[in-house]
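What the coordinates show
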Amino acid sequence: MDYQLTNQPVRQDPSFANEIIEATGVRVDRCYQCMTCTLGCPVADAMDFPPNQVMRLIDLGAEEILLSSRTIWMCVTCETCFARCPNQIDTAAVMDYLREKATAKGIAVPEERIQLLHQVFAENIKSFGKVHEATMLMAYKLKSKDFFSDMGIGLKLFLKGKIPLFPSKVKGLDEVKRIFEKTYDQTFGGKS
Amino acid sequence: MKFSYYPGCTVHSTAIEYARSIDAVVAALGVELAEIEDWNCCGAAAAHSIHRKLGLALPARNISQAQKQTHLSPDLVTSCPGCFNALKRADYALRNDEETRKEIEETVGFAYNGEVRIRSLMEVLTHELGEEVLSAKVKRPLDRLKLVCYYGCALVRPHAVTGLENPENPMMMDNLMKWMGADVRDWSYKTECCGADLALTHGDMVQKIVGRLIDHAREAGAEAVVTSCGLCQANLDMRQTGTDPLPVFYFTELMGVAMDLPNRKGWWSKHIVNPGPLLARLGYES
Ligand code: SF4
Ligand code: SF4
């Protein structure tokens, strides 16, 4: 997406900010750009827009830019920004909202591997009710086609006897599946 | 003292040494943790990161399970900060936001009664047993062990939800380790993030974050790091580079050393950075 500086005055569009306030209860309109959030963010240097700029982009109604940003996927919801924001803005909760919306809209994501990992993790819970690391990592490797990076780590854990071979299933798996049907599957159409 | 218990998925896998040391410590303290029937994964960070309502409904099913099992204590203890955080977030939403409560109740199929109290194992041990009881159990004070306490994110933030102490400078684990006699060093990085799940997709970034944390731990004079979080432990344990990595303990493991509990070899063998040599040099292991 082109994001060019222009000498045209920027027209602010409050509808996106209002949508976020409505959906999350987070008063993004209170941000006064002090940058405290960004200074404490552990991954700001790997983001295309650091957290304070996310607030500014919301203010400008730049929905498309945000939904296709790297930022929303790099955020690890550590909540440091929220803990330190003088205006109690829960940026992490806004990131959750933006990731969900980007996924629901099927937007091409610059950090596909992170999105995929969240999806594979969720779908692993849908299959067993609990997380089974071996099948989860296998599904991630197959779908991301990222076969070689970090295989050493998985192998180390496996050799330490820390990755059980067989999954254990929840007895009330139908209840877990129903939760998925009413949430995840509904939003992402059963496949994401 | 009896509590109901939510162990979480990692006690059977990546945090198995945590589980073993927890069992040993609570047995020695006369604390009973009764596992709730048929719990499911809390959703960890992944569920809410991709679907907010799923991230509330998965932990809410566990609250529903605990609520049904009225023969168990209403204090639902969990040892994993990630699970604690997810359960607390769901409980916070159910307790304080009526519209969300109705949606989650409908999704999970239960009626929330607010009686289950979500608590962390560390908080329960420090508050319910306290200094007098715990320090009386110490057989070998850890005074030769220089430590920094690493809390990470999930146990403390967001503060309104977790309700635990000062989110910038928690002292619970520092106090607990001092009661065990340890030489606890002050440092400014106790609640910094370890990089969390990025370890699986962006290993190089997490390596940098961990490297910084370990540098600061060394600067504070620490020879080891102690934590309660399986993800923090795994990232710090596996992502250090260099020839002289610091061992990364679970707090219950060090309680086990101070209380001289048996079968500790089965804990150390699960670590990537073997704590054996350090503990032997200090005279805590042969
Ligand atoms: S800390 Fe809060 S007020 Fe300051 S820039 Fe960040 S979101 Fe805005
Ligand atoms: S929650 Fe996200 S945006 Fe906020 S400090 Fe953590 S990683 Fe950065």
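Position numbers for residues start from 1 in each chain and track the written sequence from start to end. The naming scheme follows written order: chains are lettered A onward, ligands numbered 1 onward. For this predicted model, a pLDDT threshold of at least 70 governs which residues receive local features, and a threshold of 80 or more governs which side-chain atom pairs are given and counted, while totals over whole chains, interfaces and linings are taken from all residues. The basis for every side-chain value is the complete set of non-hydrogen atoms in the structure, without hydrogens or water.

Quick word on the overall build of chain B
Defined as follows: Strands here mean DSSP runs of E at least two residues long; helices mean DSSP runs of H or I at least four residues long; both are numbered from the N terminus. Both definitions apply: the radius of gyration is a C-alpha atom measure, and the globule rule equals 2.2 Å times residues to the power 0.38. For every residue, the accessible area (1.4 Å probe, protein chains only) is compared with the maximum for its type, and the residue is labelled buried under 20%, exposed over 50%, or partly exposed between those bounds. The contact definition used throughout considers only heavy atoms, calling two residues in contact when any of these lie within 4.5 Å. Here the open area of atoms and residues is found with the Shrake-Rupley method and a 1.4 Å probe, where only the protein chains shown may cover a residue. The positive count covers Lys and Arg only, the negative count covers Asp and Glu only, and His and the chain ends enter neither. A charge is said to be at NZ when it belongs to Lys, at CZ for Arg, at CG for Asp and at CD for Glu.
A count of helical and extended segments in chain B gives 14 helices and eight strands. Relative to a compact globule of 286 residues, whose C-alpha radius of gyration would be 19 Å, chain B shows 19 Å and is just as compact. Of all 286 residues assigned to chain B, the portion counted as buried reaches 65%. Here the contacts in chain B between residues at least 6 apart in sequence split such that 75% fall between residues at least 24 apart. Here chain B displays about 10,300 Å² of accessible surface, and carbon together with sulfur accounts for 49% of that area. Mean positive and mean negative side-chain charge positions of chain B (30 and 36 charges, respectively) differ by 3 Å.

Side note on the overall build of chain A
Summing up its helical and strand segments, chain A has twelve helices and zero strands in all. Each helix (α) and strand (β) of chain A, taken in turn from the N terminus, gives the series α-α-α-α-α-α-α-α-α-α-α-α. By the burial criterion, 49% of the 192 residues in chain A qualify as buried. Taking as baseline every contact in chain A between residues at least 6 positions apart, the subset at least 24 positions apart corresponds to 66%.

Some points on the pairing of strand E2 (residues 32-35) of chain B
Residue and element names in this part refer to chain B. Condition: If DSSP finds at least two bridges between two strands, the strands pair. By definition, the crossover connecting two strands over a helix is right-handed if that path, from the first strand to the second, turns clockwise as seen with the strands pointing away from the viewer.
With four bridges joining them, strand E1 (residues 2-6) and E2 adopt parallel strand pairing. Residue pairing for E2: serine 4 is matched across the bridge by alanine 34. For the crossover that starts at E1, traverses helix H1 (residues 16-29) and ends in the parallel E2, the hand is right-handed.

Focus: the domain arrangement of chain B
All names here are of chain B. Going by this rule: The split of the chain into domains comes from an automatic or database domain assignment. Defined here as a combined quantity, buried area equals the accessible surface (1.4 Å probe) lost by two parts on assembly, summed across both. A carboxyl oxygen of Asp or Glu within 4 Å of a side-chain nitrogen of Lys or Arg is what we treat as a salt bridge. The term polar contact refers here to a pair of N or O atoms within 3.5 Å; inside protein, the definition further demands a hydrogen-donor-capable atom paired with an acceptor-capable atom, and it admits residues adjacent in sequence only when both atoms are side-chain atoms. Throughout this entry, Asp, Glu, Lys and Arg are counted as charged residues, while Ala, Val, Leu, Ile, Met, Phe, Trp, Tyr, Cys and Pro are counted as nonpolar. The remaining residues, Gly among them, count as polar.
For chain B, the assigned domains read domain 1 (2-120) and domain 2 (139-281). The distance between the C-alpha centroids of domain 1 and domain 2 comes to 24 Å. Tallying the contact residues gives 22 residues for domain 1 and 24 residues for domain 2. A combined buried area of about 1,900 Å² lies between domain 1 and domain 2, and 70% of that area is made up of carbon and sulfur atoms. Looking at the side of domain 1 facing domain 2, the largest losses of area belong to Glu17, Tyr18 and Pro81, adding up to 30% of the total buried there. Remark: the boundary between domain 1 and domain 2 carries zero salt bridges. The interface formed by domain 1 and domain 2 holds five residue pairs in polar contact (both at pLDDT 80 or more) in total. Listed by contribution, the elements that provide at least two residues to the side of domain 1 that touches domain 2 are H1 and helix H4 (81-96). Looking at which element gives the most residues to the side of domain 1 that touches domain 2, the answer is H1, with ten residues. When its residues are assigned to classes, the side of domain 1 that touches domain 2 shows twelve nonpolar, six polar and four charged.

Examining the pattern of salt bridges
Oppositely charged side chains can pair when the atoms bearing their charge come close. All names here are of chain B. Taken as a whole and judged by the stated rule, the model has 33 salt bridges over all chains. Two residues, arginine 117 and aspartate 75, come together in a salt bridge whose shortest N-O distance is 2.9 Å. Residue arginine 117 is located in strand E4 (residues 117-120), and its partner aspartate 75 is located in strand E3 (residues 75-78); the two are separated by 42 residues in the primary sequence. What you see here is one network of salt bridges that share partners, running through Asp75, Arg117, Arg119, Glu123 and Glu128.

Regarding the site of ligand 2
Residue and element names in this part refer to chain A. Counted only if it meets this: Nearness here has a simple test: a residue counts as near a molecule or strand if at least one of its heavy atoms is within 4 Å of that partner.
Taken together, 13 residues lie near ligand 2, and Cys41, Cys75, Cys78, Glu79 and Cys81 sit nearest. Taken together, the elements giving at least two residues each to the shell around ligand 2 come down to helix H6 (80-84) and helix H7 (91-104). Partitioning the shell around ligand 2 into residue classes produces ten nonpolar, two polar and one charged.

Comments concerning the domain arrangement of chain A
Residue and element names in this part refer to chain A. Taken as a whole, chain A is organised into domain 1 (14-104) and domain 2 (112-188). At the interface, five residues of domain 1 touch six residues of domain 2. For the pair domain 1 and domain 2, the two sides together bury roughly 540 Å², of which 74% comes from carbon and sulfur. Summed over the shared surface of domain 1 and domain 2, the result is zero salt bridges. Between the two partners, domain 1 and domain 2, sit one residue pair in polar contact (both at pLDDT 80 or more). Those elements giving two or more residues to the side of domain 1 that touches domain 2 turn out to be helix H5 (71-74) and H7.

Description of the site of ligand 1
Residues and elements named next belong to chain A. Surrounding ligand 1, one finds 13 residues, the nearest of these being Cys31, Cys34, Met35, Cys37 and Cys85. At the level of elements, helix H2 (36-40) and helix H3 (51-59) are the ones that each hand at least two residues to the shell around ligand 1. Taken together, the residues of the shell around ligand 1 break down into nine nonpolar, four polar and no charged.

Considerations on the interface of chain B and chain A
Taken together, the contact between chain B and chain A spans 54 residues of the former and 57 residues of the latter. A buried area of about 5,000 Å², summed over both sides, lies between chain B and chain A, and 61% of it is on carbon and sulfur atoms. Run the count over chain B and chain A and you get six salt bridges. For A:Glu79, the salt bridge identified is with B:Arg89, shortest N-O distance 2.9 Å. Counting across the interface, chain B meets chain A through 18 residue pairs in polar contact (both at pLDDT 80 or more). Among the elements of the structure, H1, helix H2 (44-50), helix H3 (52-68), helix H5 (98-108), helix H9 (198-201), helix H10 (203-219) and helix H11 (230-238) of chain B are those that each provide at least two residues to the side of chain B that touches chain A. Element by element, the count of residues in the side of chain B that touches chain A is highest for H3(B), at seven residues.

Considering the confidence of the model for chain B
The line we're drawing: Values of pLDDT, which run from 0 to 100, indicate the predictor's confidence residue by residue.
Overall, the prediction assigns chain B a mean pLDDT of 95, with 100% of residues at 70 or greater. In the predicted assembly, ipTM is 0.94 and pTM is 0.94.

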